[in-house]
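Summary of the model geometry
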Amino acid sequence: MTSPLRNDRLLRALRREPVDHTPVWLMRQAGRYLPEYRATRAKAGSFLAMAKNPEIACEVTLQPLRRFPLDAAILFSDILTIPDAMGLELYFVEGEGPKFRHPVRDEAAIARLAVPDMEQELGYVMDAIRVIRRELDGQVPLIGFSGSPWTLACYMVEGGGSKDFARIKAMALNHPQQLHRLLEVVTDAVIAYLGAQRAAGAQALQVFDTWGGVLSPAMYREFSLRYLQRIAAELERGQGSERTPLILFGKGTGLHLESLSHTGADALGLDWTLDLDEAVRRTGGRVALQGNLDPTTLYASPEAITAAAGRVLDTYAAGNGGSREGHVFNLGHGMSPDMDPANVQVLVDAVHRLSAR
Ligand code: 1CP
């Protein structure tokens with residue numbers, strides 16, 4: 001059996017309970033900015049070879065935790081594992097990012113989509129979670145994750161990254177019922193995937209709606225929010241102190257904070273384009289908040305990083321009646337490969353020092 005959790009700050013903060021300092025973790029905390037990650041990747045050969053090997057996925061998950069006193073680990077994987085398991089065949093072109101060999105562009109392709117078996121096609125993800133939990137040995141909680149249905153659909157229809165999302169937006173306008181069928185089956189898969197990650201040992205779950213912000217408000221409500229609501233309502237996650245918290249991260253979706261705070265999610269992850277005092281007011285204490293330092297702050301001097309971290313912490317407290325409870329510190333989006341690990345150390349230390357109760 002696994003050891004009891006020695007650092008439960010993240011889970012307590014997500015439940016809006018008191019903690020001795022604000023917990024901090026960073027999106028993309030494992031990655032190319034770490035020389036040890038680049039070394040492991042060179043040996044493994046590719047990102048996919050790393051993600052599909054549970055021991056290597058475990059190794060890179062733990063790398064940032066060996067350097068920095070982070071308050072959580074996040075599973076090393078990718079959001080595109082679900083469409084890959086649905087038969088779209090994920091591959092990477094060096095310098096171009098993820099691509100699918102079989103994008104989903106018509107009714108027939110949508111009709112062929114089915115929820116993959118979580119312990120077969122996605123068994124390598126569940127195995128990685130089990131290995132990481134064993135190796136973490138209760139040091140910090142492990143966060144599992146999925147892409148949001150809309151964000152996954154963007155990659156599935158576009159066939160990779162996109163600048164204008166022309167194909168999927170045309171599908172939304174010309175054939176909305178087709179896109180809804182796609183989003184329904186992907187939502188079923190996301191719910192099964194997060195449930196399986198929880199069963200395998202994930203102690204908190206985050207949904208990344210990275211591309212929610214490219215939609216008009218009306219299209220966001222129809223094609224993204226609706227499916228996030230389904231996930232929050234249908235994902236079984238337990239009760240009380242045994243509850244596995246669900247975090248909804250959205251990029252460019254600050255406009256929809258009120259709606260997001262009513263989904264039943266335990267926490268909202270925010271990008272850096274809004275102030276946390278305003279976010280607290282608009283979410284009315286219904287959810288914990290995670291964020292929201294501009295990631296490019298990590299290119300600045302140690303003094304500037306410390307000052308900016310202090311502003312994020314104090315802006316949250318100012319909106320929350322002077323209390324730091326219910327805040328998880330993070331960046332507003334992921335880290336970049338050219339960031340200096342020394343600045344991560346500065347940031348994590350600053351958050352802990354400046355938020356000590
Ligand atoms: O080594 C490499 O070159 C691979 C780069 C890489 C990495 C390190 C990719 C390809 N994925 C990952 C890991 C990853 N992806 C994690 C690991 C855990 C962590 O340390 O945080 C997570 C949570 C993700 C999630 C992910 N993948 C998102 C959502 C979060 C976000 O950044 O918005 C998205 C949009 C993806 C797609 C994806 N996978 C990889 C890349 C380069 C991209 C983005 C492509 C694009 O811009 O469209």
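Residues numbered from 1 in each chain as written. Predicted model: local features only at pLDDT ≥ 70, side-chain atom pairs only at ≥ 80, totals over all residues. Heavy atoms only, no water.

Considerations on the UniProt feature "site: Transition state stabilizer" (unreviewed entry) in the chain
Taking the numbering used here, the UniProt-annotated feature "site: Transition state stabilizer" (unreviewed entry) corresponds to Asp78. Here aspartate 78 falls in the buried class, since its relative accessible area comes to 16%. Leaving out residues up to four positions away in the same chain, aspartate 78 has contacts with Phe47, Phe145 and Tyr193. There is a polar contact of 3.0 Å between the side chain of aspartate 78 and the backbone nitrogen of leucine 80. (UniProt positions renumbered as here; feature names shortened; annotations may be inferred. Buried < 20%, exposed > 50% of the residue type's maximum accessible area, 1.4 Å probe, protein only. Contact = heavy atoms within 4.5 Å. Polar contact = N/O pair within 3.5 Å; in protein donor to acceptor, adjacent residues only side chain to side chain.)

A closer look at the site of the ligand
The environment of the ligand is made up of 23 residues, and the closest members are Arg28, Arg41, Asp78, Tyr155 and His333. Histidine 333 places a polar side-chain atom, nitrogen or oxygen, 2.6 Å from an oxygen atom of the ligand. Its residues placed into classes, the shell around the ligand shows 14 nonpolar, 5 polar and 4 charged. (Near = heavy atom within 4 Å. Nonpolar A, V, L, I, M, F, W, Y, C, P; charged D, E, K, R; others polar.)

Topic: the packing of aromatic side chains
If you walk through the whole model with that rule in mind, you get 6 aromatic pairs. Considering the side-chain rings of phenylalanine 47 and phenylalanine 76, the 5.3 Å spacing of their centres and the 65° angle between planes classify their relative orientation as edge-to-face. Within this pair, whereas phenylalanine 47 is found in helix α3 (residues 47–51), its partner phenylalanine 76 is found in the loop between β1 (73–74) and α5 (81–88), the two being separated by 29 residues in sequence. Since its relative accessible area comes to 12%, phenylalanine 47 is described here as buried. (Phe/Tyr/Trp six-rings, centres within 6.5 Å; stacked < 30°, edge-to-face > 60°. Helix = DSSP H or I, 4+ residues; strand = E, 2+ residues; numbered from the N terminus.)

Things to note about the UniProt feature "binding site: substrate" (unreviewed entry) in the chain
Those residues carrying the UniProt feature "binding site: substrate" (unreviewed entry) are Arg28, Gln29, Ala30, Gly31, Arg32, Asp78, Tyr155, Thr210 and His333 in this numbering. The largest pairwise C-alpha distance within this set of annotated residues, which runs over 306 residues, is 22.7 Å, so the set is dispersed in three dimensions. Tracing the backbone shows threonine 210 in the loop between β5 (204–209) and α11 (217–234). Residue contacts for threonine 210: discarding those within four places in its chain leaves Thr151, Lys251 and His333. Here histidine 333 is to be found in the loop between β9 (327–331) and α15 (341–354). What histidine 333 contacts, discounting residues up to four positions off in sequence, is Met27, Thr210, Phe249, Lys251, Trp272 and Pro295.

Considering the pattern of salt bridges
One pass over the full model with this rule turns up 21 salt bridges. Between glutamate 17 and arginine 15 there is a salt bridge, with the nearest N and O atoms lying 3.0 Å from each other. By relative accessible area, glutamate 17 is classed as partly exposed at 24%. For arginine 15, a relative accessible area of 25% corresponds to the partly exposed category. Members of the salt-bridge network, linked through shared partners, are Glu184, Asp188, Arg230 and Glu234. (Salt bridge = Lys/Arg side-chain N within 4 Å of Asp/Glu carboxyl O.)

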